[in-house]
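# Close look at the chain arrangement
Each chain is listed here by its residues.
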Amino acid sequence: MEDGAREWMLAMRAEDYPRAWALSARDLAARDPAKRDDPGVPYHQRWVWDGRPFDGRDVLVRCYHGLGDTLQFARFLPALAARAGGVTVEAPERLHPLLSSVDARLSLVSFDHARPLPPAECDIEITELPFALRRRPDAMAIPYLRATPAAVPGDVIGLCHQGGDWDPSRSFDPRLLAPIAEGGRCVSLVPEPSPLPVLNPDGCPFSMDATAALVAACDLVITVDTMIAHLAGALGRPTWLLLKAEPDWRWNPAKIDTPWYPNMRLFVQQSPGDWAGVIARVGRAIAARNASLTNNERSDHGDDCGTVSSRVLG
């Protein structure tokens, strides 16, 4: 990592946002305007906003990063819409139902990698919004996305052990979660068959609507650093995030909480690759959580522990 990028990351982790914004402004001033939204660069590596004013203008928000990034930074869309003349969000179509639940006047357009929209009065990539707006992540209301919960039994824990293929070190063998799945009602949030004793052994369908409904119904989500973490956090669900020893820039490994999602708790590897140690700590935390539940709360859940498959995930 270059020195400037590391300095910015440390400022963000320290929640020193004025410092991070000053570094971003310095980088923006040093950029070649001819390289803005450069089609010769992969989408996720492009910069889009050139610093031009957006108040009262038609703004095009381009979602060039992953699904999780889009969900994470969607929290800033209401603040942008309050200042812009109009906001069009160019995002993957599968995210449109969720983005339409944001409390803001937005026009949603499908992002076609081969034919992106032409420039508007002001273009900005969605991850550039906190810098452009000078807004802290914890200044935005949670939840900012909404989904109708699926019909599942009470006190269900959602499990996700698998991150994106581009960083296999974020994922681990699902069998490490067996003690958790065997100790209570769990659903898999991974779109493939699960070896665990979960209520949906075929896994979660590859459908954003079904996934959001299942996440919204969970009393707790336990997940690695992937889209599911941002979906659960944006929906306001209690979330335990399992992180590798040196996580992504947005998570501070020295803390157990995060300004991005107030209902999220961080479990970070104490040494690289030690997922077993992380799961052991999660197991102890679940035991403490279960002990805090009253007998009445637990008795309300009944004894129906059958599968939920098509009834829930349809």
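Structure first, text after, so check above.
Residues numbered from 1 in each chain as written. Predicted model: local features only at pLDDT ≥ 70, side-chain atom pairs only at ≥ 80, totals over all residues. Heavy atoms only, no water.

What follows is about the overall build of the protein. Counting its regular elements, the protein contains 12 helices and nine strands. For 314 residues, the compact-globule formula gives about 20 Å, and the C-alpha radius of gyration of the protein, at 20 Å, lands near that figure. Projecting the C-alpha coordinates of the protein onto the three principal axes gives extents of approximately 60 × 40 × 35 Å. Counting the 314 residues in the protein, one finds 49% classified as buried. Across the protein, the fraction of contacts at a sequence separation of at least 24, relative to all contacts at a separation of at least 6, is 65%. One way to put it: in the protein the 33 positive side-chain charges average out to a point 3 Å from where the 40 negative ones average out. (Helix = DSSP H or I, 4+ residues; strand = E, 2+ residues; numbered from the N terminus. Rg over C-alpha atoms; globule rule 2.2 N^0.38 Å. Buried < 20%, exposed > 50% of the residue type's maximum accessible area, 1.4 Å probe, protein only. Contact = heavy atoms within 4.5 Å. Lys, Arg positive; Asp, Glu negative; His and termini not counted. Charge placed at Lys NZ, Arg CZ, Asp CG, Glu CD.)

In this section: the pattern of salt bridges. For the structure on display, the rule yields 22 salt bridges. Linking Arg36 and Asp50 is a salt bridge whose minimum nitrogen-to-oxygen distance equals 3.9 Å. Placement of the pair is Arg36 in the loop between α2 (17-30) and β1 (58-62) and Asp50 in the loop between α2 and β1, with a sequence separation of 14 residues. By relative accessible area, which is 24% here, Arg36 ends up partly exposed. A salt bridge links Arg250 to Asp69, with the shortest nitrogen-to-oxygen separation between them at 2.9 Å. Here Asp69 lies in helix α3 (residues 67-73) and Arg250 lies in the loop between β8 (239-243) and β9 (264-268), a separation of 181 residues in the sequence. (Salt bridge = Lys/Arg side-chain N within 4 Å of Asp/Glu carboxyl O.)

Attention now moves to the packing of helix α8 (residues 208-217) against helix α9 (residues 227-234). The N-to-C vectors of α8 and α9 enclose an angle of 60°; their axes lie 10 Å apart at closest approach. By the angle between their directions, the pair α8 and α9 is classed as oblique. Along this stretch, α8 crosses α9, giving a crossing that reads as right-handed. From α8, Met208, Thr211, Ala212 and Val215 reach across to α9, where they touch Met227, Ile228, Leu231 and Ala232. Looking at side-chain class alone, the contact of α8 with α9 contains seven nonpolar, one polar and no charged residues. (Axes fitted to C-alpha atoms, helices over the stretch in contact; angles between N-to-C directions. Parallel < 35°, antiparallel > 145°, perpendicular 65-115°, else oblique. Left-handed = near helix turned anticlockwise from the far one by under 90°. Nonpolar A, V, L, I, M, F, W, Y, C, P; charged D, E, K, R; others polar.)

Turning to the sheet that holds β1, a few remarks are in order. Pairing is parallel across the open sheet formed by four strands, whose spatial order is β3-β2-β1-β4. In this open sheet, the two edge strands, each paired with only one partner strand, are β3 (107-110) and β4 (122-125). Neighbour-to-neighbour, the strand axes of the sheet open up by a mean angle of 25°, direction not taken into account. By the bridge criterion, five bridges tie β1 to strand β2 (residues 86-91) in an arrangement that is parallel. Considered in β2, the bridge of Asp58 is made with Gly86. (Pairing = 2+ DSSP bridges.)

Covered by surrounding structure in β4 are Cys122 and Ile124 together with Asp123 and Glu125, the residues of both alternating faces. When β1 meets β4, the two strands line up parallel, connected through four bridges. Residue pairing across strands places Val61 opposite Ile124, the latter belonging to β4.

Further remarks concern unusual backbone geometry. Between Ile142 and Pro143 the backbone carries a cis peptide bond, its omega angle lying at 0°. Within the secondary structure, Pro143 is located in the loop between α6 (129-133) and β5 (157-160). Positive phi is not limited to glycine here, since Glu15 has a value of about 60°. With respect to the element layout, Glu15 can be found in the loop between α1 (3-13) and α2. At Asp155, a position not held by glycine, the phi torsion is positive, near 50°. Relative accessible area serves as the criterion here: at 12%, Asp155 is assigned to the buried category.

Let us now look at the packing of aromatic side chains. Following the criterion strictly, the structure yields 14 aromatic pairs and no others. Taking 5.6 Å as the distance between ring centres and 35° as the angle between the ring planes, the aromatic pair formed by Tyr64 and Phe111 counts as tilted. Of the two residues, Tyr64 is situated in the loop between β1 and α3 and Phe111 in the loop between β3 and β4; the sequence distance between them amounts to 47 residues. Of the two residues, Tyr64 and Phe111, both sit in the buried class. These aromatic residues form a ring-pair network of at least three members: Trp8, Phe73, Phe76, Trp249 and Trp260. Stacked on the ring of Tyr64, the Lys or Arg Arg46 has its end atom at 5.6 Å from the ring centre. Sitting above the plane of the Tyr261 ring, Arg75 keeps its charged end 4.8 Å from the centroid. (Phe/Tyr/Trp six-rings, centres within 6.5 Å; stacked < 30°, edge-to-face > 60°. Lys NZ or Arg CZ within 6 Å of the ring centre and 35° of its normal.)

So, about the side chain of Arg62. Mapped onto the elements of the fold, Arg62 is located in strand β1. A distance of 2.9 Å separates the side chain of Arg62 from the side chain of Glu90, its partner in a polar contact. Ignoring any residue separated from it by four or fewer positions in sequence, one finds Arg62 in contact with Asp37, Val48, Glu90, Pro116, Leu117, Pro118, Pro119, Asp123, Ile124, Glu125 and Ile126. (Polar contact = N/O pair within 3.5 Å; in protein donor to acceptor, adjacent residues only side chain to side chain.)

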